[in-house]
Amino acid sequence: MSDHPVLHVKGRVLTGPDDVRDELWVVDGRISYDRPAAAREVRTVEGWALPGLVDAHCHVGLGGHGPVEPDVAEKQALTDREAGALLLRDAGSPSDTRWTDDRDDLPKIIRAGRHIARTRRYLRGYAHEIEPDDLVAYVAREARRGDGWVKLVGDWIDREAGDLAPSWPRAAAEAAIAEAHRLGARVTAHCFAENSLRDLVESGIDCIEHATGLTDDLVPLFAERGVAIVPTLVNIATFPDLAAGGEARFPRWSAHIRRLHARRYDTVRSAYDAGIPVFVGTDAGGTLPHGLVAAEVAELVTAGIPPLQALSATTWGARAWLGRPGLDEGAPADLVVYETDPRADVRVLAAPRRVVLNGKIVS
């Protein structure tokens, strides 16, 4: 055993939805459920412990106008850490954040490379903006650059139509998704509208971000194919302000996103009721601040998802979906300790008592 202090977490350790233990030990940064035979120093933390929370849709290294300097990206990651989000799926960023992998005090990041969008059909400075003939090549590039994910922009406003419209012909989407899968990457897509979804799902996509356009006729298709959604409800809350800002120039678009906003909770609840996997993501970065993971869990509960399942969407279930361990024997000790039982009231997630990352108390 090394000379590093041993951490003893006691109280209630929530290793799964139905698995609660009384204590765990952290030895050399790893979880153990066996009391160490000897330790020069032991530090005890008491409370209700969960695996480090997951924000499955955020953007480290992205600001309102594109890439940001490393010091700003560092602050973004630290803000997520302070909120208890210790595993981030970065759903598209123009910045190279690989340097964070060498920092044991920053959350672990699963990257999706850079957004891939249609020319002049996304926020300026965010994405590769290309035409359909180049989609396969760019997907292959980002599949190699990312950590097992690729991010498409599935729809955006078509200025000529004055409303949301799909970005990619079906044949291009099918070929691109097949190429990503060949390279071992999963594919997700930003989708607000209804009419972009069927082609992407039938083309084999793995996940849809936002999914505000998910309608009753599409729900069975998502459920049958096992396509996950990450609703980002804290982002969808901004739709009324966006609609007001675009009213004069794009009244059809404004009216459309108001309708999507009005039924957002029904959309998420219908997806959950049908067995569609739902995960927590905030869309932090760009225009939204980081550190909103607790607020997103609370939004899922408001939408009608049972609290235990909303917790799973940012802990046990989310980590399994992303292929990362929770509070498993021998796993890196990434966990958050709370004063009271988060299963009784998810709002406690907003006030972590202790944050432990790689076995060290960082907050």
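What counts, and where the lines are drawn
- Residues numbered from 1 in each chain as written.
- Predicted model: local features only at pLDDT ≥ 70, side-chain atom pairs only at ≥ 80, totals over all residues.
- Heavy atoms only, no water.
- Helix = DSSP H or I, 4+ residues; strand = E, 2+ residues; numbered from the N terminus.
- Expected span 1.5 Å × (residues − 1).
- Buried < 20%, exposed > 50% of the residue type's maximum accessible area, 1.4 Å probe, protein only.
- Arc of directions from axis to C-beta.
- Contact = heavy atoms within 4.5 Å.
- Axes fitted to C-alpha atoms, helices over the stretch in contact; angles between N-to-C directions.
- Parallel < 35°, antiparallel > 145°, perpendicular 65-115°, else oblique.
- Nonpolar A, V, L, I, M, F, W, Y, C, P; charged D, E, K, R; others polar.
- Pairing = 2+ DSSP bridges.
- Salt bridge = Lys/Arg side-chain N within 4 Å of Asp/Glu carboxyl O.
- Polar contact = N/O pair within 3.5 Å; in protein donor to acceptor, adjacent residues only side chain to side chain.
- Lys, Arg positive; Asp, Glu negative; His and termini not counted.
- Phe/Tyr/Trp six-rings, centres within 6.5 Å; stacked < 30°, edge-to-face > 60°.

Undergrad: Would you take a moment to explain helix α8 (residues 251-262) for this structure?
TA: Look at α8: 17 Å from first C-alpha to last across twelve residues, which is about the 16 Å you get at 1.5 Å a residue. When we look at burial in α8, the residues that qualify are Trp253, Ser254, His256, Ile257, Leu260 and His261. Down the axis of α8, the buried set is contained in an arc of 165°. They therefore lie on one face. Facing away from the buried side of α8, by more than 90 degrees, are the exposed residues Arg252 and Ala262. Looking at the buried positions of α8, the neighbouring elements they touch are β13 (155-158), β14 (163-166), α6 (233-236), α7 (239-246) and α9 (264-273).

Undergrad: What is the right way to read the packing of α7 against α8 from this model?
TA: Any two packed helices are characterised by the angle at which their axes cross and by the distance between the axes. Running from N to C, α7 and α8 point in directions that differ by 170°, and their axes come no closer than 8 Å. Between α7 and α8, the interaxial angle falls into the category roughly antiparallel. Of the residues in α8, those touching α7 at Phe239, Pro240, Leu242, Ala243, Ala244 and Gly246 are Pro251, Trp253, Ser254, Ile257, Arg258, Leu260 and His261. Here the contact of α7 with α8 is built from residues that sort into nine nonpolar, three polar and one charged.

Undergrad: Mind showing me how you'd approach the environment of Val187 here?
TA: Residue placement: Val187 occurs in strand β15 (residues 186-191). The exposure class assigned to Val187 is buried, which follows from its relative accessible area of 1%. Counting along the chain gives 21 residues from Val187 to Ile208, while the straight-line C-alpha distance between them is 8.7 Å.

Undergrad: Where do I start with the sheet that holds strand β18 (residues 335-338) in this structure?
TA: Two orientations exist for strands paired in a sheet by backbone hydrogen bonds: parallel and antiparallel. With respect to topology, seven strands assemble into an open sheet ordered β3-β2-β1-β4-β18-β19-β20, the strand pairing being mixed. The open sheet is flanked by β3 (30-32) and β20 (360-361), the only strands paired with a single partner. Relative to strand β2 (residues 19-27), strand β1 (residues 6-16) runs antiparallel, the two being bridged by seven bridges. Following the sheet pairing, Val9 is matched in β2 by Leu24.

Undergrad: Sorry if this is basic, but what is going on with the pairing of β1 here?
TA: Two faces make up the sheet, and in a regular strand the side chains alternate between them. With respect to burial, β1 is a largely interior element, eight of its eleven residues being buried. Counting the residues that bridge the hairpin from β1 to β2 gives two residues.

Undergrad: Can you help me understand the pattern of salt bridges in this one?
TA: Close approach of charged atoms allows side chains with opposite charge to pair. In total, this model carries 28 salt bridges according to the counting rule given. Across the salt bridge formed by Glu82 and Arg81, the nearest N and O atoms sit 2.9 Å from each other. The class of Glu82 is partly exposed, set by a relative accessible area of 37%. Since its relative accessible area comes to 11%, Arg81 is described here as buried.

Undergrad: How do you make sense of unusual backbone geometry when you look at a structure like this?
TA: The phi angle of most residues is negative, glycine excepted, and most peptide bonds adopt the trans form. With a phi close to 55°, Asp28 is a non-glycine residue in the positive phi region. One can find Asp28 in the loop between β2 and β3. Overall, Asp28 belongs to the partly exposed group, its relative accessible area being 47%. The phi torsion at Arg120 lies on the positive side, around 60°, for a residue other than glycine. Note that Arg120 resides in the loop between β10 (116-118) and β11 (128-130). By relative accessible area, which is 60% here, Arg120 ends up exposed.

Undergrad: Quick question: what am I supposed to make of the side chain of Arg81 here?
TA: For Arg81, the position within the fold is in helix α1 (residues 70-82). Of note is the side chain of Arg81, whose polar atom sits 2.9 Å from the side chain of Glu82. There is a polar contact of 3.4 Å between the side chain of Arg81 and the backbone oxygen of Val362. In contact with Arg81, not counting residues within four places along its chain, are Leu86, Asp105, Pro107, Val355, Leu357 and Val362.

Undergrad: Where do I start with the side chain of Lys151 in this structure?
TA: One can find Lys151 in strand β12 (residues 149-153). With no salt bridge to any partner, buried Lys151 finds its closest opposite charge in Glu209, at an N-O distance of 5.8 Å. Polar side-chain contacts of Lys151 include one of 2.9 Å to the backbone oxygen of Ala91. The residues contacting Lys151, other than those within four sequence positions of it, are His57, His59, Ala91, Ala112, Arg114, His115, Ile116, Thr188, Ala189, His190 and Glu209.

Undergrad: Got a minute to help me understand the packing of aromatic side chains in this structure?
TA: How two aromatic rings sit relative to each other is given by the distance of their centres and the angle of their planes. Considering all chains together, one arrives at six aromatic pairs under this definition. An angle of 10° between the planes, with centres 4.2 Å apart, marks the rings of Phe279 and Trp321 as stacked. Within this pair, whereas Phe279 is found in the loop between α9 and α10 (293-302), its partner Trp321 is found in helix α12 (residues 316-322), the two being separated by 42 residues in sequence. A single burial state applies to Phe279 and to Trp321, both of which are buried. An aromatic cluster is present here, built from Tyr122, Tyr126, Trp156, Phe192 and Phe239 joined pairwise through their rings.

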